[in-house]
2 protein chains.
Amino acid sequence: MPLMRSWVDSANAPDCPFPLNNLPYGVFSTGEEEPRCGVAIGDKILDCGAAESVGLLNFGDEPLFDVPFWNEVMEQGPELWERLRNRLTGLLAEGSSSRPSVEPFLVEQAAATMHMPFLVSEYTDFYAGKHHATNVGTMFRGAENALPPNWLHIPIGYNGRASSVVVSGTDVRRPWGQLKGPNDDAPRFAPCARFDLELEMGAIVGKESDGPVTVNEADDMIFGYVLLNDWSARDIQAWEYQPLGPFQAKATATTVSPWIVTRAALEPFRCNTPAREKELLPHLRDNGPMLYDIDLAVTLAPEGKAASTVAETNYNVMYYSAAQQLAHHTTSGCPMNPGDLLGSGTISGPEKHQRGSLLELSWGGKEPVTLDTGESRTFLEDGDRLTLTGTARGDGFTLGFGECTGRLLPALKDPYAR
Amino acid sequence: MPLMRSWVDSANAPDCPFPLNNLPYGVFSTGEEEPRCGVAIGDKILDCGAAESVGLLNFGDEPLFDVPFWNEVMEQGPELWERLRNRLTGLLAEGSSSRPSVEPFLVEQAAATMHMPFLVSEYTDFYAGKHHATNVGTMFRGAENALPPNWLHIPIGYNGRASSVVVSGTDVRRPWGQLKGPNDDAPRFAPCARFDLELEMGAIVGKESDGPVTVNEADDMIFGYVLLNDWSARDIQAWEYQPLGPFQAKATATTVSPWIVTRAALEPFRCNTPAREKELLPHLRDNGPMLYDIDLAVTLAPEGKAASTVAETNYNVMYYSAAQQLAHHTTSGCPMNPGDLLGSGTISGPEKHQRGSLLELSWGGKEPVTLDTGESRTFLEDGDRLTLTGTARGDGFTLGFGECTGRLLPALKDPYAR
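Residues numbered from 1 in each chain as written. Chains lettered and ligands numbered in written order. Predicted model: local features only at pLDDT ≥ 70, side-chain atom pairs only at ≥ 80, totals over all residues. Heavy atoms only, no water.

- The name that an unreviewed UniProt entry assigns to chain A is fumarylacetoacetase, with the source organism given as Marinovum algicola.
- UniProt, in the comment section headed Pathway (unreviewed entry), describes chain A in these words: "Amino-acid degradation; L-phenylalanine degradation; acetoacetate and fumarate from L-phenylalanine: step 6/6." (UniProt positions renumbered as here; feature names shortened; annotations may be inferred.)

See below:
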């Protein structure tokens, strides 16, 4: 599919992340106004709330865009998702007769503050990258036992904490936690010393389920995708995670990009999961290309210094698609709801520079990563800013998600001081 | 504290679960009416929504009780919780001059349908019963390695699935899942064959937090308690839970009792946690009695047959209080919200008949439990009805939670048939 041209000129540049092909959904505010729904086009945002109020975007009796989240649109279901995308495309396409009526509702992205684009109902994080699971398993259990026996049969996941999901730009405070090193006699309560990122994609469930769904049905339930950084306290995790999994290590913050790139926009970038090493059981089997070809990168900028690229990989290296993860999530009858967020798991490629966490990049802290500034990192240091980007490259156009960025603030001196 | 007498006669019987000392909060409906907030007193329910509409229960400009959940009351904070309890006590106490105006708003419990008493924001389940953890650990790892090394230092917990929490009376469908026995070559997708209960108490967080809280602050944040049955698919769990914890094994359903017994009502029943085998770090240390003396029982009734008591224990056997669990939950800065539900973990006493799961009662299926009907059980069979009860015994009165009951329906023949 080639570039779809818009009358918003900036949207037609080949490196613009928000051409007419994209139309991602966010929540923004300007000045003192209330946050509301908007769609990115070029370097502008179409104010959907305002456009709705004058009758340019109307789908039924109740307003959908005057609220600071896209959940109400999700709840209308896939038929409306398609009608909305068609309508927006019609309004913004080159030559559209609607231009004079739509133009007054364009806002400069540079002047807008972005907010969480949706209310997170529940958050599940997976462990579906084989290179990541193999790297971590090798470090902890040796190469012979790297992958757990279930890994090639089910997308391993655990429930995370929806309340800790924040939008790009939110500062993250280094947490305290209970720590015990392998040579310590007893645990202690101290600031995390091995704070890390996890480069992931997040899939947003748009449609409810009440019983097991097939992989195809699961794919149809996905509203869109965001970039996701699952901040991780490795030392807290090491002490707490046996036997019931990560808990406080993953509860400080998870950052998502401000724009939801819809499944419809990503259609041209669909690709297959890798060849199966063991055949999946029928209910999880691939049924068409359900991964996406999206280039991903992570930069790290020490406080007041330039950013260095520390990882470059692609979503297409994952072993399980979000559709397979969602299908597995429903096998027991677990009800899923609009706004549920599924983290893909850390996305690491086969090469060293393709690893999506400092745990892997520094091989458990043993091989420091050198930045362009000459500094090195094993884990994150106070003041570090991490930025994730994602780019799908089409024929003469690109699709982006906006930055997924966050700065690490130092731990509180006394977490209980009031 | 002795019985507080009410002008509702049935509330004064020494074995009535809902004396004036209790005043638990639920959501009910009668006939075709919308579900709304109510308070149990004797064999009646005070219709709070109706009482509010005529000015008998007013706390500010906005109505609080005309909705089918108690979250709005929680969000008002502990000062309002106390004013509400005082007001209800005044309205319903023996000799109250309000009797003529209140009496029209009493509804027969027998005529009411109970609904979920609150919107579950997020659900966390703990593993804080030492006898349970020791039993399970002994079965799986041997007596020498029964307790994980972290167990005596932190209340181990994992995030569960809020969407799967249902009110007492809801039927539960036996789930399908991926299973692999120790002697199987490969996993298969089949109905769970080892479906189980977990006898727990649920603590409901009523107040938000944004940063670590002390054990005392955590105790103040708790709005009330419910009985909780964390239905568990042991065979699904065995295959999936390494390395990131239980997932689909715990996502079919969690049943809670219909009445929230407030922390205020439970004050007279406070008791200490057991002696510490290892001193806790200061941020988790006990600071007064924060457990409760509540007798608990589980009955099992095969379809169409009489119920047998299969377990009797007490909440006072737990190693960690809900306040300690909540304090631990916030150590990393994890934001907590009104409506968050914390499962205590399975409550098993030291004796065999005090074990709160069939996994323990039948010792992993090796020692079938004999019912009064002559039948035996290792795990649950289709049609079985499980009922949890809880009773705090005061001086001439008792406090109850209402039944926490559910019936197991057979697995679907084909979970993907539409």
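Structural notes on the overall build of chain A
Argument step 1. Looking only at helices and strands, one finds 10 helices and 27 strands in chain A.
Argument step 2. By the compact-globule yardstick of 22 Å for 418 residues, chain A fits well, its C-alpha radius of gyration being 21 Å.
Argument step 3. Counting across all 418 residues of chain A, residues that qualify as buried make up 63%.
Argument step 4. Across chain A, the fraction of contacts at a sequence separation of at least 24, relative to all contacts at a separation of at least 6, is 72%.
Argument step 5. Surface exposure of chain A reaches about 15,100 Å², of which carbon and sulfur atoms provide 48%.
Argument step 6. For chain A, the distance from the average site of its 33 positive side-chain charges to the average site of its 55 negative ones is 6 Å. (Helix = DSSP H or I, 4+ residues; strand = E, 2+ residues; numbered from the N terminus. Rg over C-alpha atoms; globule rule 2.2 N^0.38 Å. Buried < 20%, exposed > 50% of the residue type's maximum accessible area, 1.4 Å probe, protein only. Contact = heavy atoms within 4.5 Å. Areas by Shrake-Rupley, 256 points an atom, 1.4 Å probe, with all protein chains shown as cover. Lys, Arg positive; Asp, Glu negative; His and termini not counted. Charge placed at Lys NZ, Arg CZ, Asp CG, Glu CD.)

Observations regarding the interface of chain B and chain A
Argument step 1. Taken together, the contacts link 58 residues of chain B with 58 residues of chain A.
Argument step 2. Of the roughly 5,400 Å² buried at the junction of chain B and chain A (both faces included), carbon and sulfur atoms supply 58%.
Argument step 3. Counting the surface chain B buries against chain A, the share from its top three residues, Arg161, Leu244 and Phe247 of chain B, is 16%.
Argument step 4. Along the contact surface separating chain B from chain A lie six salt bridges.
Argument step 5. Among the ionic pairs, Arg161 of chain A bridges to Glu122 of chain B, the shortest N-O distance being 3.5 Å.
Argument step 6. Its residues assigned to classes, the side of chain B that touches chain A shows 28 nonpolar, 23 polar and seven charged. (Buried area = accessible area lost by both parts, 1.4 Å probe. Salt bridge = Lys/Arg side-chain N within 4 Å of Asp/Glu carboxyl O. Nonpolar A, V, L, I, M, F, W, Y, C, P; charged D, E, K, R; others polar.)

Quick look at the packing of aromatic side chains
Argument step 1. One pass over the full model with this rule turns up 30 aromatic pairs over all chains.
Argument step 2. Here the aromatic rings of Phe247 of chain A and Phe126 of chain B are separated by 5.8 Å at their centres, their planes lie at 90°, and the arrangement is edge-to-face. Of this pair, Phe247 of chain A sits in the loop between helix H7 (234-240) and strand E16 (254-256) while Phe126 of chain B is found in strand E6 (residues 123-126), placing the two residues in two different chains. Of the two residues examined, Phe247 of chain A and Phe126 of chain B, each falls in the buried class.
Argument step 3. Aromatic ring contacts, followed pair by pair, group Tyr25, Phe65, Trp70, Trp81 and Phe223 of chain A into a single cluster. (Phe/Tyr/Trp six-rings, centres within 6.5 Å; stacked < 30°, edge-to-face > 60°.)

Here's the deal with helix H3 (residues 78-92) of chain B
In an α-helix, one full turn covers 3.6 residues, which means residues spaced three or four apart are oriented alike.
Argument step 1. With 15 residues, H3 of chain B should cover 21 Å at 1.5 Å per step; its first-to-last C-alpha distance of 21 Å lies within 8% of that length.
Argument step 2. The complete set of buried residues in H3 of chain B reads Leu80, Trp81, Leu84, Arg85, Leu88, Thr89, Leu91 and Leu92 of chain B. (Expected span 1.5 Å × (residues − 1).)

A few points about the pairing of E6 of chain B
Residue and element names in this part refer to chain B.
Argument step 1. Judged by which residues are buried, E6 turns out to be covered on both faces: Tyr123 and Asp125 on one side and Thr124 and Phe126 on the other are all buried.
Argument step 2. Judged from the three bridges that link them, E6 and strand E22 (residues 341-343) form a sheet pairing that is parallel. Bridging from a neighbouring strand, Thr124 pairs with Leu342 of E22.
Argument step 3. Summarising the sheet, E6 and strand E7 (residues 157-159) pair through three bridges and their orientation is antiparallel. (Pairing = 2+ DSSP bridges.)

Some words on unusual backbone geometry
Residues and elements named next belong to chain A.
Argument step 1. Residue Pro243 is bonded to the preceding Gln242 through a cis peptide linkage, with omega at 10°.
Argument step 2. With respect to the secondary-structure elements, Pro243 resides in the loop between H7 and E16.
Argument step 3. Unusually for a residue other than glycine, Trp363 sits at a positive phi of about 45°.
Argument step 4. Position of Trp363 relative to the elements: it lies in the loop between helix H10 (358-361) and strand E23 (369-370).

Some details on the environment of Pro17 of chain B
Argument step 1. Residue position: Pro17 of chain B is located in the segment before strand E1 (25-29).
Argument step 2. If sequence neighbours within four positions are ignored, Pro17 of chain B has contacts with Asn22, Thr398, Leu399 and Gly400 of chain B.

Regarding the relation of the copies chain B and chain A
Argument step 1. Between the two copies, chain B and chain A, the superposition gives an RMSD of 0.0 Å; the rotation angle is 180° and the shift along the axis is 0.0 Å. Interpreted geometrically, this transformation is the action of a two-fold axis. Residues of chain B ranked by C-alpha distance from the rotation axis are headed by Gly245 of chain B, positioned 2.1 Å from it.
Argument step 2. Mapped onto chain A, 100% of the interface residues of chain B again fall at the interface, so both copies present the same surface. (Least-squares fit on C-alpha atoms with pLDDT ≥ 70 in both.)

Some words on helix H9 (residues 322-329) of chain A
Argument step 1. A large share of H9 of chain A lies buried, amounting to eight of its eight residues.
Argument step 2. Elements that come into contact with the buried residues of H9 of chain A comprise strand E6 (123-126), strand E7 (157-159), strand E13 (199-205), helix H6 (215-221), strand E14 (222-230) and strand E22 (341-343) of chain A.

A short note on the UniProt feature "domain: Fumarylacetoacetase-like C-terminal" (unreviewed entry) in chain A
Argument step 1. Residues given the UniProt feature "domain: Fumarylacetoacetase-like C-terminal" (unreviewed entry) here are residues 124-391 of chain A.
Argument step 2. A helix fraction of 16% and a strand fraction of 28% characterise residues 124-391 of chain A, whose end C-alpha atoms lie 24 Å from each other.

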